[in-house]
Amino acid sequence: MRSARLKLTLSYAGFLLLAGAVLLAVVWVYLLRYVPDNDQGLLGISPNRFLLVRVFTPAAGAALGFLLGSGLLGGWLLAGRMLAPLTRITDAARLVAGGSLAHRIRLGGRPGNEFRELADVFDAMLERLESRVAEQQRFAANASHELRTPLAISQALLDVARKDPEYDRGELVERLHSVNARAIDLTEALLVLSRTDGRNFTREPVDLSLAAEEAAETLLPLAEQRGITLEVTGEPARTAGSAALLLRMVTNLVQNAIVHNLPAGGTITVHTEPRRYASVLQVENTGPPLPPELVPTLVEPFQRGTERTRVGEQTGVGLGLAIVHSIVRAHDGMLELTPRPGGGLLVTIRLPAPR
Ligand SMILES: Nc1ncnc2c1ncn2[C@@H]1O[C@H](COP(=O)(O)OP(=O)(O)O)[C@@H](O)[C@H]1O
Ligand SMILES: [Mg+2]
């Protein structure tokens, strides 16, 4: 910092001095031209010229001295002014390094100014970092809360059983088993989520229509049990990615379409088709109406829409769509949720088609 200011000052003063010297040299040459050289003086120098040297040299020296002084002073002040924004940016970076993400530089000035641009980019980066960190904290808090729930339920069940000698052993085991199964589901979902976010999987050719068929086949018994018609339509739609993750993605969507459908007589359509540069998967289902303002929040981890979790129902752990979103992102695709006018949801996923 100091040294940049010093360097700028010295180069400013140096240029000023050089320009002054050139100017004086030009003046000197002109003066010589107009002062006749009549060869009669001492030591072969004409008196006129001797006089000229005596008058010109001190004046030139004074001028150069003045230029040097004002160059140094002006350069120092100017460089200080120019570098001031840099000080603010450095201070901000230091604060961030110390852990304060809430600080913003908010450098004024005209847009297009290089420092302003740097500060704006820096502020935008901080904004994203801060919201990302907040999101992670929320996630960790929610995950801990969700993981504590089954443990607390088990604890309560065990307490009751211990105090009451008549308590039915079989029922206890049954209930503990189902609570435990839920805890395992949740933990597994969390693991899938963190693995997909890490993006370390190998890419292979995958046909979405085959994944759709497979998911539908696996979940058909569940759909039939609830009186839901499940239909798979469309054409082969190829993409590149992890077959296991893409199957998981379709499975989550179809499972949601079953679980969050109408109590009776619901329908589900799974559709795949290739489009220009993209392979499209759509899962559409009937169901209760969804408030449009709620729909964008559904992909957030542990967001469960409006329905209260019914005890004993086969509801998810609230990570289904978060996992789908994470898988879509890891495959450079796009996820779109559209509430259907009559109730229910249309989920559209676009994945890049291999060239
Ligand atoms: N196909 C769907 N139809 C209607 N609502 C849905 C559908 N998929 C998801 N939702 C809503 O989005 C919420 C979040 O879904 P998800 O992340 O899979 O969590 P979970 O299914 O475990 O509740 C659900 O609770 C539900 O309200
Ligand atoms: Mg779900």
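Residues numbered from 1 in each chain as written. Chains lettered and ligands numbered in written order. Predicted model: local features only at pLDDT ≥ 70, side-chain atom pairs only at ≥ 80, totals over all residues. Heavy atoms only, no water.

Whenever I open this one, the domain arrangement of the protein chain confuses me. Can you help?
A common measure of how large an interface is: the accessible area buried when the components associate. We note that the domain assignment places domain 1 (2-100), domain 2 (138-197) and domain 3 (201-352) within the protein chain. Using only C-alpha atoms to locate each centre, domain 1 and domain 2 end up separated by 81 Å. (Domains from an automatic or database assignment.)

Just checking my understanding: could you explain the sheet that holds strand β4 (residues 267-275) for this structure?
Two orientations exist for strands paired in a sheet by backbone hydrogen bonds: parallel and antiparallel. The strand order β2-β4-β5-β7-β6 describes an open sheet built from five strands, whose pairing is mixed. Two strands close off the open sheet at either side, each with one partner strand: β2 (229-234) and β6 (334-339). Strand-to-strand, the axes of this sheet are offset by a mean angle of 15°, without reference to chain direction. Direction of pairing for strand β5 (residues 278-285) relative to strand β7 (residues 345-352): antiparallel, over a ladder of eight bridges. Paired with valine 283 across the two strands is valine 347, which belongs to β7. Along the sheet, helix α5 (residues 208-225) makes contact with β2, β4, β5 and β7, crossing β2 at roughly 170°. Packed on one face of the sheet, helix α7 (residues 320-330) meets β6 and β7 and runs near 140° to β6. (Pairing = 2+ DSSP bridges. Helix = DSSP H or I, 4+ residues; strand = E, 2+ residues; numbered from the N terminus. Axes fitted to C-alpha atoms, helices over the stretch in contact; angles between N-to-C directions. Contact = heavy atoms within 4.5 Å.)

Explain the layout of surface pockets to me, please; I cannot follow it from the model alone.
To locate leftover empty space, one rolls a probe as large as a water molecule over the atoms. Reported here for the second largest pocket is a volume of approximately 520 Å³. In terms of lining residues, the second largest pocket is bounded by 19 residues, among which Glu135, Phe139, Leu193, Asp197 and Pro301 are the most central. Counting residues per element, the ones that place at least two in the lining of the second largest pocket are α3 (114-163), α4 (169-198) and α7. In terms of residue count, the dominant contributor to the lining of the second largest pocket is α3 (six residues). Among the residues forming the lining of the second largest pocket, the class breakdown is seven nonpolar, six polar and six charged. (1 Å grid on protein atoms, 1.4 Å probe; cavity = no way out; pocket = protein on both sides within 12 Å on 5 of 7 lines; lining within 4 Å. Points joined across faces, edges and corners; volume = space filled by probe spheres on them. Nonpolar A, V, L, I, M, F, W, Y, C, P; charged D, E, K, R; others polar.)

Any chance you could explain the pattern of salt bridges here in plain terms?
When the charged atoms of two side chains with opposite charge come close together, those side chains can pair. As enumerated under the stated definition, the model contains 13 salt bridges in all. Notably, a salt bridge pairs aspartate 197 with arginine 329, separated by 3.7 Å at the nearest N-O pair. Taken together, the positions of aspartate 197 in helix α4 and arginine 329 in helix α7 put the pair 132 residues apart, joining distant regions of the chain. For aspartate 197, a relative accessible area of 45% puts it in the partly exposed group. (Salt bridge = Lys/Arg side-chain N within 4 Å of Asp/Glu carboxyl O. Buried < 20%, exposed > 50% of the residue type's maximum accessible area, 1.4 Å probe, protein only.)

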